[in-house]
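Residue-level listing of the chains:
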Amino acid sequence: DAGITQSPRHKVTETGTPVTLRCHQTENHRYMYWYRQDPGHGLRLIHYSYGVKDTDKGEVSDGYSVSRSKTEDFLLTLESATSSQTSVYFCAVKGSPSPDTQYFGPGTRLTVL
Amino acid sequence: ELKVEQNPLFLSMQEGKNYTIYCNYSTTSDRLYWYRQDPGKSLESLFVLLSNGAVKQEGRLMASLDTKARLSTLHITAAVHDLSATYFCAVDWSFGNEKLTFGTGTRLTIIP
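Summary of the structure given here. Note that the structure is predicted; figures quoted are calculated from it, not measured. (Residues numbered from 1 in each chain as written. Chains lettered and ligands numbered in written order. Predicted model: local features only at pLDDT ≥ 70, side-chain atom pairs only at ≥ 80, totals over all residues. Heavy atoms only, no water.)

Residue and element names in this part refer to chain A. Here four strands make up an open sheet; going across it, the order is 1-3-8-7 and the pairing antiparallel. Whereas interior strands pair on both sides, the edge strands pair on one side only; in this sheet they are strand 1 (4-7) and strand 7 (64-70). Taken over all neighbouring pairs, the strand axes of this sheet differ in orientation by 20 degrees on average, direction set aside. In this sheet, strand 8 (residues 73-78) lies alongside strand 3 (residues 19-25) in antiparallel orientation, the contact comprising six bridges. (Pairing = 2+ DSSP bridges. Helix = DSSP H or I, 4+ residues; strand = E, 2+ residues; numbered from the N terminus. Axes fitted to C-alpha atoms, helices over the stretch in contact; angles between N-to-C directions.)

With that settled, consider the interface of chain A and chain B. Contact with chain A, which involves 21 residues of that partner, is made by 20 residues of chain B. With both sides pooled, the region where chain A packs onto chain B buries about 1600 Å², and carbon together with sulfur makes up 52% of that total. Looking at the side of chain A facing chain B, the largest losses of area belong to Leu 43, Asp 100 and Phe 104 of chain A, adding up to 30% of the total buried there. With a shortest N-O distance of 3.6 Å, Arg 31 of chain B and Asp 100 of chain A are connected by a salt bridge. At the junction of chain A with chain B, the criterion picks out five residue pairs in polar contact (both at pLDDT 80 or more). Looking at the side of chain A that touches chain B, the elements that each hand over two or more residues are strand 4 (31-38), strand 5 (42-51), strand 6 (54-57), strand 9 (87-94) and strand 10 (102-104) of chain A. (Contact = heavy atoms within 4.5 Å. Buried area = accessible area lost by both parts, 1.4 Å probe. Salt bridge = Lys/Arg side-chain N within 4 Å of Asp/Glu carboxyl O. Polar contact = N/O pair within 3.5 Å; in protein donor to acceptor, adjacent residues only side chain to side chain.)

All names here are of chain A. With five bridges connecting them, strand 7 and strand 8 associate as antiparallel partners. Within strand 8, the position partnered with Tyr 64 by the bridge is Leu 78. Counting the residues in the hairpin turn of strand 7 and strand 8 gives two residues.

Moving on to the environment of Val 112 of chain A. All names here are of chain A. Along the polypeptide, Val 112 turns up in strand 11 (residues 108-112). As for Val 112 and Thr 17, which are separated by 95 residues in sequence, their C-alpha atoms are 9.1 Å apart. When residues no more than four places from it in sequence are discounted, the contact partners of Val 112 are Thr 13, Glu 14, Thr 15, Ala 81, Thr 82, Ser 83, Gln 85 and Thr 86.

Here the focus is the nonpolar core. The biggest cluster of nonpolar side chains holds 25 residues, and the ones touching the most others in it are Leu 32, Trp 34, Leu 74 and Tyr 87 of chain B. Broken down by secondary-structure element, the contributors of at least two residues to this core are strand 2 (10-14), strand 3 (19-25), strand 4 (32-37), strand 5 (43-49), strand 7 (61-66), strand 8 (71-76), strand 9 (85-92) and strand 11 (106-111) of chain B. The contacts of Tyr 87 of chain B, once residues within four sequence positions are left out, are Gln 6, Ile 21, Tyr 35, Arg 36, Leu 46, Leu 61, Leu 74, Gly 105, Thr 106 and Leu 108 of chain B. If you look at the next biggest cluster of nonpolar residues, it comprises 20 residues, including Ile 4, Met 32, Val 60 and Leu 78 of chain A. (Core = buried A, V, L, I, M, F, W, Y, C linked by side-chain atoms within 4.5 Å. Buried < 20%, exposed > 50% of the residue type's maximum accessible area, 1.4 Å probe, protein only.)

The next point concerns unusual backbone geometry. With an omega dihedral of -10 degrees, the bond running from Ser 7 of chain A to Pro 8 of chain A counts as a cis peptide bond. In this structure, Pro 8 of chain A sits in the loop between strand 1 and strand 2 (10-13). In this structure, the amide linkage connecting Asn 7 of chain B to the following residue, Pro 8 of chain B, adopts the cis form with an omega of 0 degrees. Looking at where Pro 8 of chain B falls in the secondary structure, it is placed in the loop between strand 1 (4-7) and strand 2. Positive phi values are uncommon outside glycine, yet Arg 70 of chain B reaches one of about 55 degrees. Structurally, Arg 70 of chain B is set in the loop between strand 7 and strand 8. Given a relative accessible area of 32%, Arg 70 of chain B falls into the partly exposed group.

Structure (structure tokens):
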């Protein structure tokens, strides 16, 4: 599983509240990614990081921010959650066992009411 | 905008049969990935294809890449029930920076 954990695994929140999802990895991977998965869309990249404090936007970054102050943690924040952000969120890392492959965490199911 | 299209979107096939899933993409890339996802689970890496003409095989699954045609195929040989899952292809459009665009997936059901 490439040493990836996500927390929380499930969360229900209300529209307008801030939400932070955490991705934690134990294998010192440089690259980390946040995706969301919705029916009919596959997975879509939200943000990614190529090192501590180095982040960039993906294709669906509006309404999301990220931070990476330590190698092992990549945080995704929904500043003011909306119902359209109800989704399953996956964190991924690039690295071992294959250096060319992204490996995915277990996912967080977020419901915004 | 990069588009990645998979077909079919749904596939129901009998055990023992052969079939192919197609992944077409709209821009230049020489890196393509195949993943498997079981219901309610995360994604599992199957294959990484890094050059034109690349072919990888694992068990009953074989993947190939034709960068000139912008096409990858995932071939299933003598299907078994355990292969039932959703299969995704993903294209790296950022020339090694690993910004992936995923297809919408092919839900494969193997019928005994």
